[in-house]
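# Descriptive structure summary
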Amino acid sequence: MQIQTSEFRDRRWQLMQQLPDNSLVLLPAAQELIRNNDAEYPFRQNSDFWYLTGFNEPDAWLAIKKQQQAVQYSLFVRSKDPQMEIWTGYRAGPQGAIEQFAADQAFELSQLQAQMPGLFSGVEHLVLPMTAEVLNRVQPWITQQQKQVRRGVSWPMQWHELGQFLHEMRLIKSEPEIALLRKAAEISSQAHIQAMRACPQLEWEYQLEAELQYQFMRSGARSPAYNSIVGSGNNACVLHYIENNQALKPGDLVLIDAGAEYQNYAGDITRTFPVRGKFSAAQRDLYQIVLTAQKAAIDQLQPGKGCKDFDQAAVRVLTQGMIDLGLLKGSLDGLIESLAYKRYYMHGTGHWLGLDVHDMGAYKVKGEWRPLQPGMVTTVEPGLYISAQDQQAPEALRGLGIRIEDDILITEHGHENLTACCPKEIADIEQLMN
Ligand code: GLY
Ligand code: MN
Ligand code: MN
């Protein structure tokens, strides 16, 4: 299961269709990052670069030029180097970039500066990510052009953010992308199920992380899509807790937010369950509110609905729950309007999901929350977090953090929960764990 060369070509074509004549798209690949001394972090390609090329090596650039309605796709890549390849592995080289990745022309990376005047020739529109890193790398090539204006050399005066075109494309997933997201979701679900099963016999948060990692890898997902969060007890109230180094205490809940990355596509699931497999009365009360909120939010998902409508649905259920449990006092509408509910629910209810876990694509268009469309994928992840230090909260609720997160595909007539096979009903979790 993988994206075909023809789909990468279609994406480049679709991108260039949106740009005026005399445009040049420039985009660098990701670079290798040092972990310590000369040891590197595992390489992960830049998602935009991957989306357009399917090329999985560091230290590359793509340049796509549109002139007189013809499109020319160039890749600059690491040179073939038999000596280096003995140490660090296979490189496609320029010839491979043409033969395997369908570049019209390809060069060694060292040729970038020399090839730029030709690429810039006649170009009026430069389309690139407007990040400091990319702008700094492009500036010397522009300067090189500017120094020669008296000789009639020109440089592109109109600069455009690449994301406004490319990220709109990434937002609507194609069938092959949906297949990969489905696979990432399935692997992630199985890993959560395994973590629940194993938990009653485990002692440390990192042992749960190990169960996740093992399940991801043995299913072909070579990496988590983001650092796994395994927070037991009060650690669940730290939203991005990744230390995962505390003891699992009987009687506590544990919150796991973890997803597999499969062929660069992300899963993103959160489940919260009792360390020893049985919810207490207070845990049950709080959990049921989050679960009801999550289902109310998912019910909202269908084409044409505003992409924040489901957030409001969750907030209403959660805030009513806060009133019912004595966490907040006041009227439902008043507590929502004043944002008082944020004391216990401080994050949004979802985000786009795709090549990046927090995927690309605008949420607002012309100042309005955009309507949902088939092919969009969003998470739905309400939670309630009551810190152990919260003197205002009923004592039985202090130190409880609960989040429930699924990955939802918008379909033509509604939605499909890609992570539906991961249990979230109290009875199903207790049965699985016992
Ligand atoms: N795991 C990050 C998130 O759920 O947004
Ligand atoms: Mn998550
Ligand atoms: Mn998420």
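For the structure given in this document, a descriptive report is provided here. (Residues numbered from 1 in each chain as written. Chains lettered and ligands numbered in written order. Predicted model: local features only at pLDDT ≥ 70, side-chain atom pairs only at ≥ 80, totals over all residues. Heavy atoms only, no water.)

## Topic: the sheet that holds strand S10 (residues 229–232)
An order of S10-S11-S14 is seen for the three strands of this open sheet, with the pairing classed as antiparallel. Strands at the two margins of the open sheet, each flanked by one partner only, are S10 and strand S14 (269–274). Recorded for the sheet is a direction-independent mean angle of 10° between the axes of neighbouring strands. Across four bridges, S10 lies against strand S11 (residues 253–258) in antiparallel orientation. Counterpart to Ile229 in the pairing with S11 is Asp257. The strands touched by helix H8 (residues 175–198) are S11 and S14; relative to S14, the strand with the most contacts, the crossing angle is about 15°. (Pairing = 2+ DSSP bridges. Helix = DSSP H or I, 4+ residues; strand = E, 2+ residues; numbered from the N terminus. Axes fitted to C-alpha atoms, helices over the stretch in contact; angles between N-to-C directions. Contact = heavy atoms within 4.5 Å.)

## Remarks on the coordination of the manganese ion (ligand 3)
The protein atoms that coordinate the manganese ion (ligand 3) are Asp268 (OD), His351 (NE2), Glu381 (OE) and Glu405 (OE), at distances of 2.0 to 2.2 Å. Note that the manganese ion (ligand 3) binds six donor atoms; their angles at the metal cover 50 to 153°, and the shape is irregular. Donor residues for the manganese ion (ligand 3) sit on one chain with the sequence pattern D-x82-H-x29-E-x23-E. A gap of 3.2 Å separates the manganese ion (ligand 3) and the manganese ion (ligand 2), which Asp268 links by coordinating each metal. Of the two residues, His351 is situated in the loop between helix H12 (332–337) and strand S15 (364–365) and Glu381 in the loop between strand S17 (377–380) and strand S18 (383–386); the sequence distance between them amounts to 30 residues. Each member of the pair His351 and Glu381 is classed as buried. (Donors = N, O, S within 2.8 Å, 3.2 Å for Na, K, Ca; no water. Tetrahedral: all angles 85-135°; square planar, octahedral: opposite > 155°, others 65-115°. Buried < 20%, exposed > 50% of the residue type's maximum accessible area, 1.4 Å probe, protein only.)

## With respect to the site of ligand 1
Taken together, Tyr226, Asp257, Asp268, His351, His358, Glu381 and Glu405 form the complete shell of residues around ligand 1. The side chain of His358 places a nitrogen or oxygen atom 2.7 Å from an oxygen atom of ligand 1. In this structure, Glu381 approaches ligand 1 through a side-chain N or O atom, which is 3.0 Å from an oxygen atom. Relative to its unbound accessible area of 200 Å², ligand 1 is 90% covered by the protein chains. More than half of the atoms of ligand 1 fall within 2 Å of the grid points belonging to the second largest pocket. (Near = heavy atom within 4 Å. Polar contact = N/O pair within 3.5 Å; in protein donor to acceptor, adjacent residues only side chain to side chain. Areas by Shrake-Rupley, 256 points an atom, 1.4 Å probe, with all protein chains shown as cover. 1 Å grid on protein atoms, 1.4 Å probe; cavity = no way out; pocket = protein on both sides within 12 Å on 5 of 7 lines; lining within 4 Å. Sits in = over half its atoms within 2 Å of the grid points.)

## Quick notes on the coordination of the manganese ion (ligand 2)
Listed as protein donors to the manganese ion (ligand 2) are Asp257 (OD), Asp257 (OD), Asp268 (OD) and Glu405 (OE); their distances from the metal cover 2.0 to 2.5 Å. Taken together, the six donor atoms coordinating the manganese ion (ligand 2) and their angles of 56 to 170° define a geometry best described as irregular. Between consecutive donor residues of the manganese ion (ligand 2), the sequence gaps follow D-x10-D-x136-E.

## Remarks on the pattern of salt bridges
Under the definition given, this model contains 22 salt bridges. Linking Asp257 and Arg403 is a salt bridge whose minimum nitrogen-to-oxygen distance equals 2.9 Å. A residue pair is termed long-range when its members are at least 10 positions apart, and Asp257 in strand S11 and Arg403 in strand S19 (residues 400–403) qualify at 146 residues. Given the relative accessible area of 3%, Arg403 is considered buried. (Salt bridge = Lys/Arg side-chain N within 4 Å of Asp/Glu carboxyl O.)

## Let's talk about the sheet that holds strand S21 (residues 415–417)
The strands that make up a sheet pair up through hydrogen bonds in the backbone, lying either parallel or antiparallel. The strand order across the open sheet built from three strands is S17-S20-S21, with neighbouring strands paired in antiparallel fashion. The open sheet has two free edges, formed respectively by S17 and S21, since each of these has just one partner strand. Each strand axis lies, on average, 30° off the axis of its neighbour in the sheet, ignoring direction. Inspection of the sheet shows strand S20 (residues 406–410) paired to S21 by three bridges, in the antiparallel sense. Across the sheet, the residue bridging to Ile408 is Asn417, located in S21.

## Some thoughts on empty space enclosed by the protein
Taken as a whole and assessed by the stated rule, the structure comprises one cavity of 30 Å³ or more. Estimated volume of the largest cavity: approximately 60 Å³. Among the residues forming the lining of the largest cavity, the class breakdown is five nonpolar, four polar and two charged. (Points joined across faces, edges and corners; volume = space filled by probe spheres on them. Nonpolar A, V, L, I, M, F, W, Y, C, P; charged D, E, K, R; others polar.)

## A look at the nonpolar core
Formed by 114 residues in total, the largest nonpolar core has its most connected members in Val25, Leu62, Leu75, Leu208, Val254, Ile256 and Met322. Counting residues per element, this core draws most heavily on H8, which supplies 10 residues. Sequence-distant contacts of Val254, that is, excluding residues within four places in its chain, are made with Cys199, Leu208, Val230, Gly231, Ser232, Leu248, Arg271, Thr272, Phe273 and Val275. (Core = buried A, V, L, I, M, F, W, Y, C linked by side-chain atoms within 4.5 Å.)

## Quick word on the side chain of Glu57
Here Glu57 lies in the loop between helix H2 (47–53) and strand S4 (61–67). Assessed through its relative accessible area of 8%, Glu57 is described here as buried. In terms of polar contacts, Glu57 uses its side chain to reach the side chain of Arg78, at 3.1 Å. A distance of 2.7 Å separates a polar side-chain atom of Glu57 from the backbone nitrogen of Ala92. Contact partners of Glu57, with chain neighbours within four places excluded, come to Ala29, Phe43, Gln45, Arg78, Tyr90, Arg91 and Ala92.

## Regarding the layout of surface pockets
What the largest pocket holds in volume is close to 870 Å³. Around the largest pocket, the lining comprises 32 residues; the ones closest to its centre are Phe43, Arg44, Asn56, Glu261 and Asn264. Listed by contribution, the elements that provide at least two residues to the lining of the largest pocket are helix H1 (5–17), H2, helix H4 (93–101), helix H9 (205–218), strand S9 (223–224) and strand S12 (260–262). Looking at the lining of the largest pocket residue by residue, the classes come out as 12 nonpolar, 16 polar and four charged. Of the pockets and cavities examined, the second largest pocket occupies roughly 320 Å³. Around the second largest pocket sit 16 residues that line it, and Ile229, His240, Asp257, His358 and Glu381 are the ones nearest its centre.

## Topic: unusual backbone geometry
Positive phi outside glycine occurs at Gln68, with the angle close to 50°. By the secondary structure assignment, Gln68 is in the loop between S4 and strand S5 (70–77). Of note in this structure, Leu339 is not a glycine but carries a positive phi near 65°. Along the chain, Leu339 turns up in the loop between H12 and S15.

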